[in-house]
Amino acid sequence: MEYLIAFLVGISLGSFYNVLIYRLPRNISVIFPSSKCPSCGHRIRWYDNIPILSYLILRGRCRYCGDRISLQYPLVELASGALAVFSLYRWGLTPDGILLYSFFSALLVASLIDLRFFIIPDVITIPGTVGGILTSPLRAETPLLESVVGAVAGFGISFVIYIYYVKVRKMEGLGFGDVKLLAFIGSFTGIYGVLSALFLGSLIGLIYALPSIIRNRTVSFAIPFGPFLSLGCFVGILFKDFFYKL
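Here we take up the pattern of salt bridges. This model, assessed by the stated rule, comprises 3 salt bridges. Across the pair aspartate 48 and arginine 63 runs a salt bridge, and its minimum N-O distance is 2.8 Å. Here aspartate 48, found in the loop between α1 (2-23) and α2 (53-57), pairs with arginine 63, found in the loop between α2 and α3 (72-91); they are 15 residues apart in sequence, far enough to count as distant. Overall, aspartate 48 belongs to the buried group, its relative accessible area being 12%. By relative accessible area, which is 45% here, arginine 63 ends up partly exposed. A salt bridge links glutamate 141 to lysine 240; the shortest N-O distance between them is 3.4 Å. Placement of the pair is glutamate 141 in the loop between α5 (122-134) and α6 (144-168) and lysine 240 in helix α9 (residues 240-245), with a sequence separation of 99 residues. Residue class for glutamate 141 comes out partly exposed when judged on its relative accessible area of 24%. For lysine 240, a relative accessible area of 9% translates into the label buried.

Below, the structure written as C-alpha coordinates:
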(Lines give C-alpha, C1' and ligand atoms only; values in the text may rest on other atoms or scores of the structure.)
Protein backbone atom coordinates (compact mmCIF):
# COMPACT_ATOMS: atom_id res chain seq x y z
CA MET A 1 0.00 0.00 0.00
CA GLU A 2 2.83 2.43 0.83
CA TYR A 3 4.35 1.91 -2.62
CA LEU A 4 0.98 2.52 -4.26
CA ILE A 5 0.60 5.77 -2.31
CA ALA A 6 4.15 6.78 -3.30
CA PHE A 7 3.36 6.07 -6.95
CA LEU A 8 0.12 8.09 -6.84
CA VAL A 9 1.87 11.03 -5.17
CA GLY A 10 4.67 10.74 -7.73
CA ILE A 11 2.42 10.82 -10.80
CA SER A 12 0.47 13.74 -9.31
CA LEU A 13 3.69 15.71 -8.87
CA GLY A 14 4.69 14.59 -12.37
CA SER A 15 1.69 16.49 -13.71
CA PHE A 16 3.15 19.65 -12.14
CA TYR A 17 6.57 18.83 -13.56
CA ASN A 18 5.01 18.94 -17.02
CA VAL A 19 3.86 22.47 -16.24
CA LEU A 20 7.44 23.41 -15.26
CA ILE A 21 8.88 21.83 -18.41
CA TYR A 22 6.49 23.82 -20.60
CA ARG A 23 6.53 27.15 -18.77
CA LEU A 24 10.02 27.70 -17.33
CA PRO A 25 11.85 28.03 -20.68
CA ARG A 26 9.06 30.31 -21.94
CA ASN A 27 9.23 32.56 -18.84
CA ILE A 28 5.56 31.94 -18.03
CA SER A 29 4.33 31.91 -14.43
CA VAL A 30 3.99 28.34 -13.13
CA ILE A 31 0.96 29.38 -11.05
CA PHE A 32 -1.16 31.57 -13.34
CA PRO A 33 -2.89 31.24 -15.72
CA SER A 34 -4.43 27.78 -15.46
CA SER A 35 -3.43 25.10 -17.96
CA LYS A 36 -4.81 25.32 -21.49
CA CYS A 37 -4.44 23.47 -24.76
CA PRO A 38 -1.42 24.91 -26.64
CA SER A 39 -3.27 24.40 -29.94
CA CYS A 40 -6.76 25.82 -29.39
CA GLY A 41 -6.15 27.71 -26.14
CA HIS A 42 -9.15 26.11 -24.40
CA ARG A 43 -8.83 25.87 -20.61
CA ILE A 44 -8.19 22.31 -19.47
CA ARG A 45 -10.77 21.15 -16.92
CA TRP A 46 -9.72 19.21 -13.84
CA TYR A 47 -11.24 15.98 -15.12
CA ASP A 48 -9.06 16.22 -18.23
CA ASN A 49 -5.97 16.77 -16.09
CA ILE A 50 -5.91 13.56 -14.07
CA PRO A 51 -2.40 12.09 -14.38
CA ILE A 52 -2.12 9.27 -16.96
CA LEU A 53 -5.84 8.40 -16.72
CA SER A 54 -7.05 11.48 -18.60
CA TYR A 55 -4.55 10.85 -21.39
CA LEU A 56 -5.86 7.30 -21.81
CA ILE A 57 -9.53 8.35 -21.67
CA LEU A 58 -8.98 11.11 -24.24
CA ARG A 59 -6.85 8.74 -26.36
CA GLY A 60 -4.07 11.28 -26.44
CA ARG A 61 -6.11 14.07 -28.03
CA CYS A 62 -7.55 17.41 -26.87
CA ARG A 63 -11.25 17.13 -25.99
CA TYR A 64 -12.04 20.40 -27.79
CA CYS A 65 -9.88 20.61 -30.93
CA GLY A 66 -8.80 17.00 -31.31
CA ASP A 67 -5.14 17.92 -31.63
CA ARG A 68 -2.69 15.29 -30.43
CA ILE A 69 -1.38 15.57 -26.85
CA SER A 70 2.35 14.96 -26.54
CA LEU A 71 3.30 11.55 -25.18
CA GLN A 72 5.72 13.44 -22.95
CA TYR A 73 2.93 14.19 -20.47
CA PRO A 74 2.08 10.63 -19.36
CA LEU A 75 5.72 9.54 -19.65
CA VAL A 76 6.90 12.29 -17.26
CA GLU A 77 4.10 11.36 -14.86
CA LEU A 78 5.09 7.68 -15.03
CA ALA A 79 8.77 8.56 -14.55
CA SER A 80 7.94 10.67 -11.50
CA GLY A 81 5.86 7.85 -10.05
CA ALA A 82 8.69 5.38 -10.65
CA LEU A 83 11.20 7.73 -9.00
CA ALA A 84 8.93 8.04 -5.95
CA VAL A 85 8.67 4.25 -5.64
CA PHE A 86 12.44 3.84 -6.14
CA SER A 87 13.24 6.48 -3.51
CA LEU A 88 10.88 4.86 -1.01
CA TYR A 89 12.36 1.42 -1.69
CA ARG A 90 15.97 2.59 -1.48
CA TRP A 91 15.82 5.04 1.45
CA GLY A 92 12.38 4.60 2.98
CA LEU A 93 10.22 7.46 4.23
CA THR A 94 13.27 9.37 5.48
CA PRO A 95 14.81 12.78 4.75
CA ASP A 96 17.16 11.01 2.32
CA GLY A 97 14.23 9.45 0.46
CA ILE A 98 12.19 12.66 0.24
CA LEU A 99 15.08 14.97 -0.63
CA LEU A 100 16.66 12.62 -3.18
CA TYR A 101 13.27 12.12 -4.85
CA SER A 102 13.08 15.91 -5.13
CA PHE A 103 16.61 15.97 -6.54
CA PHE A 104 15.88 13.32 -9.17
CA SER A 105 12.66 15.14 -10.05
CA ALA A 106 14.62 18.35 -10.64
CA LEU A 107 17.02 16.45 -12.89
CA LEU A 108 14.03 15.08 -14.81
CA VAL A 109 12.60 18.56 -15.38
CA ALA A 110 16.00 20.05 -16.30
CA SER A 111 16.72 17.18 -18.71
CA LEU A 112 13.45 17.55 -20.62
CA ILE A 113 13.93 21.31 -20.91
CA ASP A 114 17.51 20.87 -22.11
CA LEU A 115 16.45 18.18 -24.57
CA ARG A 116 13.97 20.52 -26.22
CA PHE A 117 15.46 24.00 -25.79
CA PHE A 118 19.21 23.38 -25.20
CA ILE A 119 19.05 25.33 -21.93
CA ILE A 120 19.13 24.38 -18.26
CA PRO A 121 17.28 27.02 -16.22
CA ASP A 122 19.28 28.66 -13.42
CA VAL A 123 16.12 28.62 -11.33
CA ILE A 124 16.63 24.86 -11.01
CA THR A 125 20.39 24.51 -10.61
CA ILE A 126 21.41 27.51 -8.48
CA PRO A 127 18.72 27.24 -5.75
CA GLY A 128 19.09 23.46 -6.05
CA THR A 129 22.80 23.62 -5.25
CA VAL A 130 22.20 25.87 -2.26
CA GLY A 131 19.38 23.59 -1.13
CA GLY A 132 21.56 20.51 -1.53
CA ILE A 133 24.21 21.95 0.78
CA LEU A 134 21.75 23.36 3.34
CA THR A 135 19.80 20.09 3.61
CA SER A 136 22.90 17.88 3.76
CA PRO A 137 22.87 17.74 7.61
CA LEU A 138 19.49 16.03 7.29
CA ARG A 139 20.81 13.37 4.92
CA ALA A 140 22.83 10.34 5.97
CA GLU A 141 23.63 9.60 2.32
CA THR A 142 25.65 12.81 1.75
CA PRO A 143 26.79 14.70 4.88
CA LEU A 144 27.74 18.38 4.84
CA LEU A 145 31.45 18.07 4.00
CA GLU A 146 30.79 15.60 1.19
CA SER A 147 28.04 17.86 -0.16
CA VAL A 148 30.28 20.94 -0.21
CA VAL A 149 33.19 19.02 -1.76
CA GLY A 150 30.83 17.53 -4.33
CA ALA A 151 29.43 20.93 -5.33
CA VAL A 152 32.90 22.49 -5.59
CA ALA A 153 34.25 19.49 -7.53
CA GLY A 154 31.23 19.43 -9.82
CA PHE A 155 31.64 23.09 -10.67
CA GLY A 156 35.45 23.07 -10.76
CA ILE A 157 36.02 20.00 -12.93
CA SER A 158 33.36 20.95 -15.47
CA PHE A 159 34.47 24.61 -15.50
CA VAL A 160 37.99 23.55 -16.47
CA ILE A 161 36.51 21.46 -19.31
CA TYR A 162 34.33 24.40 -20.34
CA ILE A 163 37.29 26.83 -20.41
CA TYR A 164 39.46 24.35 -22.32
CA TYR A 165 36.94 24.05 -25.14
CA VAL A 166 36.12 27.76 -25.28
CA LYS A 167 39.67 29.15 -24.99
CA VAL A 168 41.79 26.41 -26.57
CA ARG A 169 39.57 24.68 -29.09
CA LYS A 170 37.43 27.76 -29.80
CA MET A 171 34.19 25.83 -29.51
CA GLU A 172 31.63 24.97 -26.85
CA GLY A 173 32.18 21.38 -25.80
CA LEU A 174 30.30 21.78 -22.53
CA GLY A 175 27.68 24.43 -21.91
CA PHE A 176 27.88 26.64 -18.82
CA GLY A 177 24.44 25.33 -17.86
CA ASP A 178 26.05 21.88 -17.62
CA VAL A 179 28.71 23.34 -15.30
CA LYS A 180 26.02 24.57 -12.91
CA LEU A 181 24.13 21.28 -13.29
CA LEU A 182 27.19 19.33 -12.13
CA ALA A 183 27.54 21.60 -9.10
CA PHE A 184 23.90 20.82 -8.31
CA ILE A 185 24.54 17.09 -8.76
CA GLY A 186 27.59 17.27 -6.48
CA SER A 187 25.69 19.07 -3.72
CA PHE A 188 23.28 16.12 -3.43
CA THR A 189 25.44 13.12 -4.32
CA GLY A 190 28.99 14.19 -3.53
CA ILE A 191 32.00 13.68 -5.76
CA TYR A 192 30.83 10.12 -6.53
CA GLY A 193 27.72 11.49 -8.23
CA VAL A 194 29.80 14.02 -10.18
CA LEU A 195 32.16 11.35 -11.50
CA SER A 196 29.22 9.05 -12.31
CA ALA A 197 27.52 11.86 -14.20
CA LEU A 198 30.66 12.70 -16.19
CA PHE A 199 31.87 9.20 -17.04
CA LEU A 200 28.59 7.31 -17.40
CA GLY A 201 26.90 10.35 -18.96
CA SER A 202 29.68 10.65 -21.55
CA LEU A 203 29.44 6.92 -22.31
CA ILE A 204 25.66 7.03 -22.71
CA GLY A 205 25.93 10.20 -24.79
CA LEU A 206 28.51 8.57 -27.06
CA ILE A 207 26.28 5.53 -27.59
CA TYR A 208 23.39 7.86 -28.40
CA ALA A 209 25.46 9.94 -30.86
CA LEU A 210 27.32 7.02 -32.49
CA PRO A 211 24.75 6.37 -35.27
CA SER A 212 24.88 10.05 -36.29
CA ILE A 213 28.69 10.04 -36.17
CA ILE A 214 28.84 6.98 -38.43
CA ARG A 215 26.14 8.27 -40.79
CA ASN A 216 27.51 11.82 -41.16
CA ARG A 217 31.19 10.94 -40.65
CA THR A 218 31.67 13.91 -38.37
CA VAL A 219 31.53 14.78 -34.68
CA SER A 220 30.70 18.42 -35.39
CA PHE A 221 27.12 18.53 -34.21
CA ALA A 222 25.44 19.56 -30.97
CA ILE A 223 23.51 17.39 -28.54
CA PRO A 224 22.09 18.47 -25.18
CA PHE A 225 24.41 17.01 -22.54
CA GLY A 226 22.21 17.68 -19.51
CA PRO A 227 19.99 14.60 -19.96
CA PHE A 228 23.05 12.34 -20.22
CA LEU A 229 24.71 13.87 -17.14
CA SER A 230 21.47 13.38 -15.22
CA LEU A 231 21.06 9.80 -16.44
CA GLY A 232 24.70 9.04 -15.67
CA CYS A 233 24.23 10.32 -12.13
CA PHE A 234 21.04 8.28 -11.65
CA VAL A 235 22.63 5.07 -12.98
CA GLY A 236 25.61 5.66 -10.70
CA ILE A 237 23.34 6.00 -7.66
CA LEU A 238 21.22 3.03 -8.77
CA PHE A 239 24.24 0.73 -8.95
CA LYS A 240 26.33 2.43 -6.27
CA ASP A 241 26.79 -0.69 -4.16
CA PHE A 242 27.83 -2.67 -7.24
CA PHE A 243 30.40 -0.08 -8.37
CA TYR A 244 31.86 0.15 -4.86
CA LYS A 245 32.54 -3.59 -4.94
CA LEU A 246 34.55 -3.35 -8.18
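Next comes the rest of the account.
Moving on, we get to the environment of glycine 236. Mapping glycine 236 onto the fold places it in helix α8 (residues 226-238). Relative accessible area serves as the criterion here: at 0%, glycine 236 is assigned to the buried category. Glycine 236 sits 36 residues away from leucine 200 along the chain, and the two C-alpha atoms are 7.5 Å apart. Beyond its immediate sequence surroundings of up to four residues, glycine 236 is in contact with Tyr192, Ser196, Leu200 and Phe243.

Moving on to unusual backbone geometry. Peptide bonds are mostly trans, and most non-glycine residues show a negative phi. For the peptide bond that leads from phenylalanine 32 to proline 33, omega is -5 degrees, which places it in the cis range. Relative to the helices and strands, proline 33 is located in the loop between α1 and α2.

Among the nonpolar cores identified, the biggest contains 40 residues, and Phe103, Phe104, Leu107, Phe184 and Ile185 are the most heavily contacted of them. When contributions to this core are tallied by element, the ones reaching two or more residues are α1, α3, α4 (95-117), α7 (176-216) and α8. Residue contributions to this core peak at 11 residues, all from α4. Those residues in contact with isoleucine 185 that sit more than four places away from it in its chain are Phe103, Leu107, Gly190, Gly193, Val194, Ala197, Leu229 and Cys233.

Attention now moves to the packing of aromatic side chains. By the definition in use, this model includes 17 aromatic pairs. With a centroid separation of 5.4 Å and 55 degrees between ring planes, the pair formed by tyrosine 162 and phenylalanine 176 is classed as tilted. Pair noted here: tyrosine 162 is in helix α6 and phenylalanine 176 is in helix α7, with a separation of 14 residues, a long-range link. Judged by relative accessible area, tyrosine 162 falls into the buried class, the value being 19%. Summarising the aromatic geometry, the rings of tyrosine 208 and phenylalanine 228 are spaced 5.2 Å apart at their centres and angled 50 degrees between planes, so their arrangement reads as tilted. Highlighted residues: tyrosine 208 in helix α7 and phenylalanine 228 in helix α8, separated in sequence by 20 residues. Connected via pairs of aromatic rings, a cluster forms that spans Phe86, Trp91, Phe103, Phe104, Phe184, Phe188 and Phe234. The ring of tyrosine 22 carries the charged tip of arginine 26 above its face, separated from the ring centre by 3.9 Å.

Taking 1.5 Å per residue, 41 residues should reach 60 Å; α7 reaches only 27 Å between its end C-alpha atoms and comes up short. In the segment just after α7, arginine 217 is the residue with positive phi, at about 55 degrees.

Below, the discussion takes up the layout of surface pockets. Of the voids in this model, the largest pocket is the one considered here, and its volume is about 990 Å³. What lines the largest pocket is a set of 29 residues, among which Glu172, Gly173, Leu174, Ile223 and Phe225 lie closest to the centre. Secondary-structure elements contributing two or more residues to the lining of the largest pocket are α6 and α7. Top element by residues in the lining of the largest pocket is α7. It accounts for 10 residues. Taken as a whole, the second largest pocket spans an internal volume of roughly 810 Å³. Taken together, 35 residues line the second largest pocket, and the ones lying closest to its centre are Ser35, Lys36, Pro38, Ile44 and Tyr73.

The rules behind each value
- Residues numbered from 1 in each chain as written.
- Predicted model: local features only at pLDDT ≥ 70, side-chain atom pairs only at ≥ 80, totals over all residues.
- Heavy atoms only, no water.
- Salt bridge = Lys/Arg side-chain N within 4 Å of Asp/Glu carboxyl O.
- Helix = DSSP H or I, 4+ residues; strand = E, 2+ residues; numbered from the N terminus.
- Buried < 20%, exposed > 50% of the residue type's maximum accessible area, 1.4 Å probe, protein only.
- Contact = heavy atoms within 4.5 Å.
- Core = buried A, V, L, I, M, F, W, Y, C linked by side-chain atoms within 4.5 Å.
- Phe/Tyr/Trp six-rings, centres within 6.5 Å; stacked < 30°, edge-to-face > 60°.
- Lys NZ or Arg CZ within 6 Å of the ring centre and 35° of its normal.
- Expected span 1.5 Å × (residues − 1).
- 1 Å grid on protein atoms, 1.4 Å probe; cavity = no way out; pocket = protein on both sides within 12 Å on 5 of 7 lines; lining within 4 Å.
- Points joined across faces, edges and corners; volume = space filled by probe spheres on them.

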